[in-house]
Every structure is written in structure tokens, then in C-alpha cells.
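What follows is the residue order along each chain.
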Amino acid sequence: MTEKIKKILIANRGEIAVRIIRACRDLGIESAAVYSECDKTAYHVRMADEAYYIGPSPSTESYLVHERIIETARKCKADAVHPGYGFLAENPSFAEKCLEAGIIFIGPKPETIRLLGDKLLARDTALKAGLPVVPGRDIGGLDIASALAAATDIGFPVLVKAAGGGGGKGMRVVTSEDLFAESLKSAANEAASAFGDSRVFLEKYLPRPRHIEIQILADTHGNCIYLGERECSIQRRHQKVIEESPSPVVTEALREQMGRAAVSIARSAGYVGAGTVEFLVDHDLSFYFLEVNTRLQVEHPVTEMVTGLDLVKEQVFIAEGAPLKYIQEDIKLLGHAIECRIYAEKPEEGFVPSTGTLTHYRIPAGPGVRVDSGVLLNSQIPIFYDPMIAKLIVWGKDRRETIDRTRRALQEYRVGGVDSTIGFHLTIMDNEKFIRGDLSTRFLEEEYPDNDYHRLDGEVLEKAAIAVALDSFINERKIILSQTSSHNRPACGWVTYHRKNSLRQFRGSR
Ligand code: MV4
């Protein structure tokens, strides 16, 4: 049975809210935005067909309040809620409450979100589904001595991971036996305070893996397909910075193996919707299951660019109960796509958030360029949320062309009033290892140990000098112009002389 969705409430903000509104418009579905105090005039609010105030600026009082969002959806007669990513996207209780209120939650079933959100249960599910997992052990209920025996059995270095995990919290690399007990305790403590769940497990530590993930789509009729991979190895502190599809190392055969593995765990978990199965890939190209993300991901556009699909539209069709329109053989990857996450941050100062007003803003365009922006000229960048302001997604026929277009687009991009990561991305586009596709999750720390992302080549220095000279020239003019009337602005010597002279003539003729 398919039930057409007529109105979607978007329980999010910024670029992803705008992205979802665009899909709604393409589908002829009405869109309702929600906004907090500081988002009153935000881009997503202006874009949506309707917008509703849901509370003060802190997300704990607005975008995270289940009842406010469900009440708003009910009031505006939305038949579905799209959570985007972050906020409530992977919250099984919220998904449950939506369903209880008779509202479609655009995402997997609450029990699937709950199962896969537990990294230990997800690992078990992967094992049962026949996926390769990193050698490891659940140490729940074990005393320190038995846990140490398990670690010794796996072999050091081991990685302590939190069951409630994600984002690297409650994770500890342990290189030797004597540091084990202490690391175990501190990981468990950190996990308890971060997730309210102190359970931890052990895995063999892979020192320089790649992070490669498979996009999947599963409908309510038991069909499930994979849409190729994304390489997301370039990240800092578990925040992805650059993503691409396809991965520079994934062959047709490896893609099929990883894709089948992803579909296999999705089936075991009763997965419905768009999802991502994450893997670690070792230097010998052996791959290991990491976790499943039960949401639309930030980096979904690179998959859209190489498959030609619109993942948000597919999510809506699945939520309506429609069968997938594609079988695996229909999915063909074309060309190459790279995404740069543009943050309002200062890379030179350890990526501290940079808030304020966007006094200058111009987005790039041209062949292969897509910008999913959450802001406009004069937007306020609030302190309350993630500082990602936009994503630059670039497509080319191959990786080389895509890198060249990305560099060109980054050079066209203008952000003023706040700092941005554009210069940082330009540095990466010229990095030889990046250009070679020689990546790992350690890429940034290895290539830029001192956070030194300046591009101090001659061309940039010359441009900077010209910019500074122009800026001071324009500022001087502004001061002079504000002191004199525009009819009487300073001119070169002979003009001034002539003016004085004609004034004398005028006086004289009286
Ligand atoms: C690992 C690993 C090495 N070996 N597991 C980081 C986040 C969490 N979801 C899993 N993570 C890792 N698990 C084993 N056995 C290295 C990481 C890791 C990482 C993974 C993906 C992307 C970025 C990362 C950065 C640091 C560490």
C-alpha cells in the first residue's frame, strides 16, 4: 500500500533543512520548517512553505524537544517528519512517539534504530550476517583479569570502544598490558557520562585504516540495494571534512563484496529506508564492519552525483510504502564526486568556531558544481549549533577533473565576516598524497601535525598583497568621502585648480 505524503515537517535547520525542502518542492509536497529563537530569519525558514517557532536557541530547548516537534507536526497537519541528520535523527524514542501520534517518521523502524545504535548489538548482528568484523571481544561482566586475558588474546594494541559509542567518545587505544586497567576504567567512565551506558568492548586496533562506507536503500517490500561507496578518511577528531565517491582504492570486485555485506546486515536488521554501513579498510584492502548509521548522512550528495539518484526523494518514496524503482543492476556509477564541508571555523587556531554576521557571501557555480548552503548573505552564524555553513559538492568525469574543479570552485567562493575552512580545503586540493589518493584516517594529523594549513606560495602571497592594498585604498577613500560631499570630492591637482578658477570667474562676473 502506498500512502502519498502531502506535507513534511522538517525537524532540523541549516543546509540539510534547505536540502529536504528542495526535495519536497520537486515532489510537490508541502514543507513545514521549525525554528528556534536565533533562527527566526534563517534560510530554511524563508525557504519553507510554512515555519513554526519551537523554542529558545539552545537545541535542548528547541530542535531536541520531542513533544514540541510532534505537537507542531500535528498542529500543521504534516503527515511525516524528516529528521535530517544530527538532532533527533537516530533517536528511537522520538521515532516511536511520531508513529504513536500517527505521523510517519522518515527513517528506519524504531527497533532497528535501537538495535544498530548499540555498537555491541550491531557487531553481533554483523557477525551473524557473516560480515567480517575486527577481531574483538565483549567484556561485559568480566573482571579486570579476564578482560586483560581477552586483550592479550586479541594482541596489543587493542582499542577499547563504548557500546553506546560513536564520535570517538569512550574510545581508548591501549598499547600494552600495564596501561590496560587504567584505560578500561577511564573509557567506561567517559562512556557512562556521555551515553549513560558504561559498557565497553575490545577490538584489535588497526593503526592506519581508511574509512569507507556503503550507502544502501531498503524498501518495505524486502528489496535492498547498495549505491556504491564513499571514502571519508579525511576527518579530524571524528568529524569528516572531505568525502568522495568512488573511493580511489575500491575496485569493482571490492565494491561488490562490500555492497553485498552492507545489504546482508541491512536484511538481518530488518532495515527500511536510506542507511550507511561503515567499514574500516586496511592497507591490504581487507575490510571490517564498523557500524551502521540509520540516517541520511551529511555526505550523501557525493553518492547522488555519481548515481544520479535523489536520496531524499527515495527516502520519501520508501516512507510512502512504494517499492524501489531500481534493482542492483540498474545502479551505475558515473564519474567522480568530492564534497568539502565548509565550516565557520578558524583552521589556523585549531578549528575554533567563528560566529557573527556573514558580511560577504558568494557561492561558486559552473560545470560540475553544487553548493548545499544553509546560509545567505547577511546570515547570522549562531553559537548554538554545528558551525557547518555549507557543503561544496563537485562532480567531474574522473578524480583529476573533480579535484581541478573543486580547486576552481573554492577559489570562487567568498566568505566574509566569519572565518571559514575554504583555505584549508584549497591546501588539501594541492596536497600530493591527497592527489595520489593515498589516504587514511590519520591523514590530517600526519600531513599537518601543527595545524599549519596556510598556502604560502608566491601566487597567494601576491594576491594577498593586492587585496590588502586595495582594501586600504578603498578604506581611505571611504574616510575622505565621508568628510566631503560627493560634489566636492578630491580630484587631481588640475581639476582642483580649474574649479577654483571657474569659481573666481563666477564671482568676478557678478
Ligand atoms: C577503529 C579504528 C581502528 N581500529 N577500530 C572511530 C570512531 C568509531 N566509530 C570507530 N573508530 C575507529 N575504530 C579499530 N579496531 C579507528 C577508528 C578511527 C576512525 C574511524 C573512522 C573514521 C575516523 C576515525 C578516526 C580515528 C579512529
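Placed above this text is the structure.
Residues numbered from 1 in each chain as written. Predicted model: local features only at pLDDT ≥ 70, side-chain atom pairs only at ≥ 80, totals over all residues. Heavy atoms only, no water.

**Re the sheet that holds strand β1 (residues 7-10)**
Link 1 in the chain: The 5 strands lie next to each other as β3-β2-β1-β4-β5, forming an open sheet whose pairing is parallel. Edge positions in the open sheet fall to β3 (50-55) and β5 (104-105), since each of these has one partner strand only.
Link 2 in the chain: As paired elements, β1 and strand β2 (residues 30-36) share 4 bridges and run parallel to each other. Residue pairing in the sheet places Lys 7 in a bridge with Glu 30 of β2. (Pairing = 2+ DSSP bridges. Helix = DSSP H or I, 4+ residues; strand = E, 2+ residues; numbered from the N terminus.)

**Thoughts on unusual backbone geometry**
Link 1 in the chain: Cis geometry marks the peptide bond from Phe 156 to Pro 157; its omega dihedral reads 0 degrees.
Link 2 in the chain: Relative to the assigned elements, Pro 157 resides in the loop between α7 (144-154) and β7 (158-162).
Link 3 in the chain: With an omega of -5 degrees, the peptide bond between Ser 245 and Pro 246 qualifies as cis.
Link 4 in the chain: With respect to the helices and strands, the residue Pro 246 is situated in the loop between β12 (239-245) and α9 (252-268).
Link 5 in the chain: Of note in this structure, Phe 87 is not a glycine but carries a positive phi near 40 degrees.
Link 6 in the chain: Inspection of the secondary structure puts Phe 87 in the loop between β4 (80-82) and α4 (92-100).
Link 7 in the chain: At Asn 378, a residue that is not glycine, the phi angle is positive and equals roughly 75 degrees.
Link 8 in the chain: Looking at the element boundaries, Asn 378 is found in the loop between β20 (369-373) and β21 (380-381).

**Focus: the pattern of salt bridges**
Link 1 in the chain: Under the counting rule described, the total for this entry stands at 43 salt bridges.
Link 2 in the chain: A salt bridge links Lys 391 to Glu 15, with the shortest nitrogen-to-oxygen separation between them at 2.9 Å. Placement of the pair is Lys 391 in strand β22 (residues 388-396) and Glu 15 in helix α1 (residues 14-27), with a sequence separation of 376 residues. In terms of burial, Lys 391 and Glu 15 fall into one category: buried.
Link 3 in the chain: Between Arg 123 and Glu 203 there is a salt bridge; the shortest N-O distance is 3.1 Å. With Arg 123 in helix α6 (residues 119-128) and Glu 203 in strand β9 (residues 200-204), the pair connects residues that are 80 residues apart, well separated along the chain.
Link 4 in the chain: Relative accessible area serves as the criterion here: at 8%, Arg 123 is assigned to the buried category. (Salt bridge = Lys/Arg side-chain N within 4 Å of Asp/Glu carboxyl O. Buried < 20%, exposed > 50% of the residue type's maximum accessible area, 1.4 Å probe, protein only.)

**Re the environment of Ile 403**
Link 1 in the chain: The residue Ile 403 is located in helix α12 (residues 399-412) in this model.
Link 2 in the chain: For Ile 403, a relative accessible area of 1% corresponds to the buried category.
Link 3 in the chain: Sequence spacing of Ile 403 and Phe 473 is 70 residues, and the spatial spacing of their C-alpha atoms is 35 Å.
Link 4 in the chain: Setting aside its immediate chain neighbours within four residues, Ile 403 contacts Ile 338, Met 429, Phe 434 and Ile 435. (Contact = heavy atoms within 4.5 Å.)

**Some details on the packing of α1 against helix α11 (residues 311-319)**
Link 1 in the chain: At their nearest, the axes of α1 and α11 sit 9 Å apart, and the two run at 65 degrees to each other. Note on packing geometry: the crossing formed by α1 with α11 is right-handed. Residues Arg 19, Ile 20, Ala 23, Asp 26 and Leu 27 of α1 form the contact with α11, whose own contacting residues are Leu 311, Val 312, Lys 313, Val 316 and Phe 317.
Link 2 in the chain: Grouping the constituent residues of the contact of α1 with α11 by class yields 7 nonpolar, no polar and 3 charged. (Axes fitted to C-alpha atoms, helices over the stretch in contact; angles between N-to-C directions. Left-handed = near helix turned anticlockwise from the far one by under 90°. Nonpolar A, V, L, I, M, F, W, Y, C, P; charged D, E, K, R; others polar.)

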